[in-house]
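An overview of the molecular structure
Given next are the chains, with one letter for each unit.
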Amino acid sequence: MAGKLREISVWDDGTGTGERFFCMTAEPGGSFEEELHSLMDRYRESGGDGGDEFLLRFHVSDPARQSELLSRVVKGRRSYVSIVGQPPANGSRVALEAWHLGGMLGKSKEETEEGTVLVARRKHYRLFLAGRHDQMQEEFRWLDRVAAAQGGTVPALVHRTWIYCRDIDNNYRGLVEGRNESFDRYGLSPENHYIASTGIEGCTETPGRLLHMDSLGIAGLKQGQVRYMEAPDYLSPTHLYRVAFERGARIVYGDRSHYFISGTASIDAAGNIVHPGNVKRQTVRTLENMRALMERS
């Protein structure tokens, strides 16, 4: 039971509009197929196979070889499925995270050669997830079309992006420049706020593709429902070191809030690296920064 509590987080007010979050890692030691089937069995047994599944993201060790089998296993799911090449830390070959939304009034999914879009309708809002594999600026140009189809623009509707970049040590500068230029095109600035975002190592099943971006948009929000997270006494604004994204965004609903924290590192209020070369102390500082962002929003 203790293990399941760590793997599943539930918010439920008894109205049928609750949410569940899953974070599960396979037990290492088997083949990829064995680990995947065992993980999916555990996910189903924990209640993770219902129609309220909104997002299902897999982290795998070798997407080029594993995506074909994984795609067969999840074929037919009406949720947004994302596959990222990020080996689990425990030595296994696959992990998953999932987000379930209760009270959906409808759900539609469109998959084309350009990308995948999932739209979930709730009483007052529409949430959509969108993703494709391309270069940074092309990702945002395609997202422009997705946002327009939902009746708005990227700056108005999109509140979180997850950007996975192959060989990020060599390609991070291009990622940052592409994202900065896209945000400049939207007219975003430190004064009127950027979008919460993460740029992190991760690859797709196609070696020639450098990027994959998942994006979350919400239609139906009113002024004041989006609050940007900051903790200037702990970590600096990103623009101080010429990177454009918000530290985090809090979406405030009538009965709950969603907190979307961007990629966060071991830095201080001046943007300096804290505890260089010491991964344990850097991890502690990163968690302290995340806690500060949560407490101040």
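Refer to the structure presented above.
First, a word on scope: everything that follows refers to the structure included in this document. All of these numbers come straight from a predicted model, not from anything done at the bench. (Residues numbered from 1 in each chain as written. Predicted model: local features only at pLDDT ≥ 70, side-chain atom pairs only at ≥ 80, totals over all residues. Heavy atoms only, no water.)

So, about the overall build of the chain. Looking only at helices and strands, the chain has seven helices and 14 strands in total. At 19 Å, the chain has a C-alpha radius of gyration in line with the 19 Å of a compact globule built from 297 residues. Taking the principal axes of the C-alpha coordinates as reference, the chain spans close to 45 × 45 × 40 Å. Burial analysis of the chain (297 residues in total) assigns 49% to the buried set. When contacts within the chain are restricted to residue pairs at least 6 apart in sequence, those whose partners lie at least 24 apart make up 71%. As presented, the chain carries roughly 14700 Å² of accessible surface, and 49% of it is formed by carbon and sulfur atoms. A distance of 3 Å separates the average location of the 38 positive side-chain charges in the chain from that of its 40 negative side-chain charges. (Helix = DSSP H or I, 4+ residues; strand = E, 2+ residues; numbered from the N terminus. Rg over C-alpha atoms; globule rule 2.2 N^0.38 Å. Buried < 20%, exposed > 50% of the residue type's maximum accessible area, 1.4 Å probe, protein only. Contact = heavy atoms within 4.5 Å. Areas by Shrake-Rupley, 256 points an atom, 1.4 Å probe, with all protein chains shown as cover. Lys, Arg positive; Asp, Glu negative; His and termini not counted. Charge placed at Lys NZ, Arg CZ, Asp CG, Glu CD.)

Reported here for the largest pocket is a volume of approximately 1600 Å³. As for the largest pocket, its lining consists of 48 residues, and the residues nearest its centre are Arg-160, Thr-198, Ile-261, Ser-262 and Gly-263. When the residues that make up the lining of the largest pocket are grouped by side-chain class, the tally is 23 nonpolar, 16 polar and nine charged. Empty space within the second largest pocket amounts to approximately 620 Å³. If you go around the second largest pocket, you meet 25 residues; those closest to its centre are Val-81, Glu-111, Thr-116, His-133 and Glu-205. Going through the elements one at a time, α3 (63-74), β4 (80-85), β6 (106-111), β8 (126-133) and β11 (211-219) are the ones with two or more residues in the lining of the second largest pocket. With four residues, β4 is the single largest residue contributor to the lining of the second largest pocket. (1 Å grid on protein atoms, 1.4 Å probe; cavity = no way out; pocket = protein on both sides within 12 Å on 5 of 7 lines; lining within 4 Å. Points joined across faces, edges and corners; volume = space filled by probe spheres on them. Nonpolar A, V, L, I, M, F, W, Y, C, P; charged D, E, K, R; others polar.)

A few words on the side chain of Arg-122. Mapped onto the elements of the fold, Arg-122 is located in the loop between β7 (116-121) and β8. Other than its neighbours up to four places away in sequence, Arg-122 contacts Thr-17, Gly-18, Glu-19, Leu-101, Gly-102, Gly-103, Leu-105, Leu-127 and Arg-256.

The next point concerns the packing of helix α2 (residues 32-45) against α3. α3 packs onto α2 with a crossing angle of 30° between their chain directions and a minimal axis gap of 11 Å. Classified by the angle between their axes, α2 and α3 sit roughly parallel to one another. Relative to α3, the crossing made by α2 is right-handed. Judged by residue contacts, Phe-32, Glu-33, Leu-36, His-37 and Met-40 of α2 engage Gln-66, Leu-69, Leu-70 and Val-73 from α3. Here the residues of the contact of α2 with α3 are counted per class, giving six nonpolar, two polar and one charged. (Axes fitted to C-alpha atoms, helices over the stretch in contact; angles between N-to-C directions. Parallel < 35°, antiparallel > 145°, perpendicular 65-115°, else oblique. Left-handed = near helix turned anticlockwise from the far one by under 90°.)

Now for empty space enclosed by the protein. Applying the stated criterion to the full structure yields one cavity of 30 Å³ or more. Estimated volume of the largest cavity: approximately 30 Å³. Together, Pro-155, Val-158, His-159, Tyr-194, Ile-195, Ala-196 and Tyr-228 line the largest cavity. Residues belonging to the lining of the largest cavity are distributed by class as follows: six nonpolar, one polar and no charged.

Right, let's get into the sheet that holds strand β10 (residues 196-201). With mixed pairing, six strands are arranged side by side in an open sheet as β6-β7-β8-β11-β9-β10. Looking at strand neighbours, the two that pair on one side only are β6 and β10, the edges of this open sheet. Averaged over all pairs of adjacent strands, the angle between strand axes in this sheet comes to 10°, irrespective of strand direction. Relative to β8, β7 runs antiparallel, the two being bridged by six bridges. Within β8, the position partnered with Val-119 by the bridge is Phe-128. Across the sheet, helix α4 (residues 136-149) is in contact with β7, β8, β9 (158-165) and β11; its angle to β8 comes to roughly 145°. Relative to β10, helix α6 (residues 168-186) is tilted by about 155°, and along the sheet it contacts β9, β10 and β11. (Pairing = 2+ DSSP bridges.)

Ordered by their spatial adjacency, three strands build an open sheet running β12-β13-β14, and the pairing between neighbours is antiparallel. The open sheet is flanked by β12 (226-228) and β14 (257-261), the only strands paired with a single partner. When strand polarity is set aside, the average angle formed by the axes of neighbouring strands in this sheet is 20°. Looking at chain direction, β12 and strand β13 (residues 248-252) are connected through three bridges and run antiparallel. Within the sheet, the bridge partner assigned to Tyr-228 lies in β13 and is Ala-249.

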